[in-house]
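# Topology and contacts: notes
The primary structure of each chain is shown beneath.
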Number of protein chains: 2
Amino acid sequence: MKRILTAVVLIPLVLLVVFKAPLWLFTAVCGLFAVLAASEYLSLAKNHDPNVARWPGTLLVAFLFATLALSLQIVGGDWLVGVIFCLPFIYPFFLLAMGLRLSEPKSALLSASLGSLVLPYIVFPLAALIGIRELRHGWFYLLWLFAMVWSGDIFAYYVGKNFGKRLLAPRISPKKTWEGTIASVLGAALVSVLLVYFAPRISSSLGSLHLLPGREVTPSFLPVEGDHLLVAAAIAILINILAQIGDLVESVIKRGAGVKDSGSLLPGHGGILDRIDALLFAAPAALLLFSLIRWVPPSATRYID
Amino acid sequence: MKRILTAVVLIPLVLLVVFKAPLWLFTAVCGLFAVLAASEYLSLAKNHDPNVARWPGTLLVAFLFATLALSLQIVGGDWLVGVIFCLPFIYPFFLLAMGLRLSEPKSALLSASLGSLVLPYIVFPLAALIGIRELRHGWFYLLWLFAMVWSGDIFAYYVGKNFGKRLLAPRISPKKTWEGTIASVLGAALVSVLLVYFAPRISSSLGSLHLLPGREVTPSFLPVEGDHLLVAAAIAILINILAQIGDLVESVIKRGAGVKDSGSLLPGHGGILDRIDALLFAAPAALLLFSLIRWVPPSATRYID
């Protein structure tokens, strides 16, 4: 019940941010999620090696997204922004150097590599969401991504509950079944096909509700000739599988840390990391795929606004 | 003796590659070092967690540098090259997903983060060398970087041997002294000042020996007004300190792995990683600094060829 109430509050909020927020605000919201997830991840990593530093990583993530949000608003200072975006490259060296202080030599490399993983595992996927929103019709691609990642959960839950027999990964996630997993993939494909099919209508409805910027109302979403719906289904299958792997990966990290929930921020939902684990794997692939379907021949032209 | 012989063969070879090799060959040589160093690093990391995968990382490094070297020669296929350069971002997710197969849940995160660190720790610094060579007068900046990193070693060795009393980091590197360390920093600063002071003469000598491309013969190396030599000394101090930290970091990684040499490729020199450990920390900082001294006001203009 708590779970449903939280969802009822959160989902419209998320959609409003996706549709209406200016880019800097969207970036700030992604940054908030990134900071909370990074802090939870680093806590879990600390259970793998006690010398993982939690604060430097969390601060770095906050600083990077704050700089990104500000740089979208403020003109100039480009070279300073350039230097700040070098920080993720320098950070692993900082952690390695800090490891020299430790009395246990094994811990120097372990804590530095666990701490560095916050960048590819948390920062990059949430930055990828910003990249997706920056695409033309970015709001639609985000909506589609969320649908591919989360709609499958409902199918998985009901099919798994009623027909689930073969366990998927009993050591990692004892309740998941192959039946539920396959239902999730197929469900996501179905929802995607519907979403892409009705995209023009969704677009004009949202437009008439003033939920979209004017120039965003347009019927052509997939610049691939013919086979729209087949492409949509294929993308959904791939993204949904990655999302489910992301879910399992976070489970195994928690299991390795000897912990049940990644945090307790959202009532009934566990931590933020528990909510976005699937997205962490799906978002980078989605950015790549959404960018590629604009590149691929025959059109072979990149979008220029 | 073996050590000196190896050096006598290697140093002229390195300088020839720095001065004369076309960019694709220079890239290929950096790639060779990267592949060997990556393979040694992953062996050391395997001693931290037995499930670190050695071959995928080594292959990825080889593939990335091969693509880079080829893309410098071949025109077109830009989008394919773009996709390949997404691989470093995707690789941590691949390793995390592979971790799902392991029976020990702690090892999933540990092996993935240790394996991912090959990218910032090995690939990025060796790619930074290519970036430095791509700068205007890149050959000079590379020469300078090598001088800052390695000239200090000679000072450290003789001062440390004769005057060394206070141990720097007995747990990590039992022979290093504070006296040797400071001698290294000051020696590198001295060599740098001389190198920058004589840069025009070095340039024209090398030019008349046909060791440089014609357009590279020019007397202005540091686009900073006045205080050339002070800037050179300051850069050398910073880079040399980073280089020595890099040396210690590799020592602590070996100590954590319970190993004396990182490998045995070069007679008398240990492994490749033992040779380039200092460079791994120095090269990224050098690229940043060398780029910045071109940016900083008053000139505030980026170099355009």
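Each remark here, short or long, concerns the structure printed above.
Residues numbered from 1 in each chain as written. Chains lettered and ligands numbered in written order. Predicted model: local features only at pLDDT ≥ 70, side-chain atom pairs only at ≥ 80, totals over all residues. Heavy atoms only, no water.

### Focus on the packing of helix 9 (residues 178-197) of chain B against helix 11 (residues 228-257) of chain B
Axis angle and axis distance: for two packed helices, these are the angle between their axes and the distance between the axes, and together they describe the pair. Residue and element names in this part refer to chain B. Where helix 9 contacts helix 11, the axes come no closer than 8 Å and their chain directions differ by 140 degrees. With respect to each other, helix 9 and helix 11 are oriented oblique. Both helix 9 and helix 11 take part in a crossing whose hand is right-handed. Facing helix 9, whose interface residues are Thr181, Ser184, Val185, Ala188, Ala189, Ser192, Val193, Val196 and Tyr197, helix 11 presents Leu229, Ala232, Ala233, Ala236, Ile237, Asn240, Ile241 and Gln244. Class assignment for the residues of the contact of helix 9 with helix 11 results in 12 nonpolar, 5 polar and no charged. (Axes fitted to C-alpha atoms, helices over the stretch in contact; angles between N-to-C directions. Helix = DSSP H or I, 4+ residues; strand = E, 2+ residues; numbered from the N terminus. Parallel < 35°, antiparallel > 145°, perpendicular 65-115°, else oblique. Left-handed = near helix turned anticlockwise from the far one by under 90°. Contact = heavy atoms within 4.5 Å. Nonpolar A, V, L, I, M, F, W, Y, C, P; charged D, E, K, R; others polar.)

### Some thoughts on the pattern of salt bridges
Residue and element names in this part refer to chain A. In total, this model carries 8 salt bridges over all chains according to the counting rule given. Among the salt bridges present, the one from Lys254 reaches Asp274, with a minimum N-O distance of 2.8 Å. Of this pair, Lys254 sits in helix 11 (residues 228-257) while Asp274 sits in helix 12 (residues 272-295), and the two are 20 residues apart along the sequence. Assessed through its relative accessible area of 10%, Asp274 is described here as buried. (Salt bridge = Lys/Arg side-chain N within 4 Å of Asp/Glu carboxyl O. Buried < 20%, exposed > 50% of the residue type's maximum accessible area, 1.4 Å probe, protein only.)

### Regarding the environment of Phe124 of chain A
Following the sequence through the fold, Phe124 of chain A ends up in helix 7 (residues 118-134). Counting along the chain gives 160 residues from Phe124 of chain A to Pro284 of chain A, while the straight-line C-alpha distance between them is 7.4 Å. Setting aside residues no more than four positions away along its own chain, Phe124 of chain A makes contact with Leu119 and Pro284 of chain A together with Phe89 and Phe93 of chain B.

### What about the relation of the copies chain B and chain A?
Take chain B, turn it by 180 degrees, move it 0.0 Å along the axis, and it overlays chain A with an RMSD of 0.0 Å. Accordingly, the operation relating the two chain copies is best matched by a two-fold axis. The position closest to the rotation axis in chain B is occupied by the C-alpha of Ser113 of chain B, lying 2.6 Å away. Looking at chain B, 100% of its interface residues are interface residues in chain A too, so the copies touch through the same face. (Least-squares fit on C-alpha atoms with pLDDT ≥ 70 in both.)

### Considering the interface of chain B and chain A
Residue-level contacts link 46 residues of chain B with 46 residues of chain A. Contact between chain B and chain A buries roughly 4,000 Å² in total, counting both sides, with carbon and sulfur atoms accounting for 84%. Broken down residue by residue, the surface that chain B buries against chain A is led by Phe93, Leu100 and Leu109 of chain B, which jointly contribute 18%. Across the chain B-chain A interface, the total number found is 0 salt bridges. Linking chain B to chain A there are 6 residue pairs in polar contact (both at pLDDT 80 or more). Residue assignment for the side of chain B that touches chain A shows that the elements contributing at least two residues are helix 2 (23-46), helix 4 (78-84), helix 5 (87-98), helix 6 (105-116), helix 7 (118-134), helix 11 and helix 12 (272-295) of chain B. Top element by residues in the side of chain B that touches chain A is helix 6 of chain B. It accounts for 9 residues. (Buried area = accessible area lost by both parts, 1.4 Å probe. Polar contact = N/O pair within 3.5 Å; in protein donor to acceptor, adjacent residues only side chain to side chain.)

### Thoughts on unusual backbone geometry
One non-glycine residue with positive phi stands out, namely His137 of chain A, at about 60 degrees. Examined against the element boundaries, His137 of chain A turns out to sit in the loop between helix 7 and helix 8 (138-163).

### Things to note about the packing of helix 6 (residues 105-116) of chain A against helix 11 of chain B
Direction vectors running N to C along helix 6 of chain A and helix 11 of chain B enclose 115 degrees, while the axes themselves pass 7 Å from each other. Here helix 11 of chain B runs roughly perpendicular to helix 6 of chain A, going by the angle between their axes. Between helix 6 of chain A and helix 11 of chain B the crossing geometry is left-handed. Taking contact as the criterion, the partners of Pro105, Lys106, Ala108 and Leu109 of chain A in helix 6 of chain A are, on helix 11 of chain B, Val252, Ile253, Arg255 and Gly256 of chain B. Of the residues that constitute the contact of helix 6 of chain A with helix 11 of chain B, the class distribution is 5 nonpolar, 1 polar and 2 charged.

### Things to note about the packing of aromatic side chains
All names here are of chain A. One pass over the structure, following the stated rule, counts 30 aromatic pairs over all chains. Taken together, a centroid distance of 6.2 Å and an interplanar angle of 40 degrees make the contact between Phe140 and Trp144 tilted. Within this pair, Phe140 and its partner Trp144 are both found in helix 8, separated by 4 residues, close to a single helical turn. Overall, Phe140 belongs to the buried group, its relative accessible area being 1%. (Phe/Tyr/Trp six-rings, centres within 6.5 Å; stacked < 30°, edge-to-face > 60°.)

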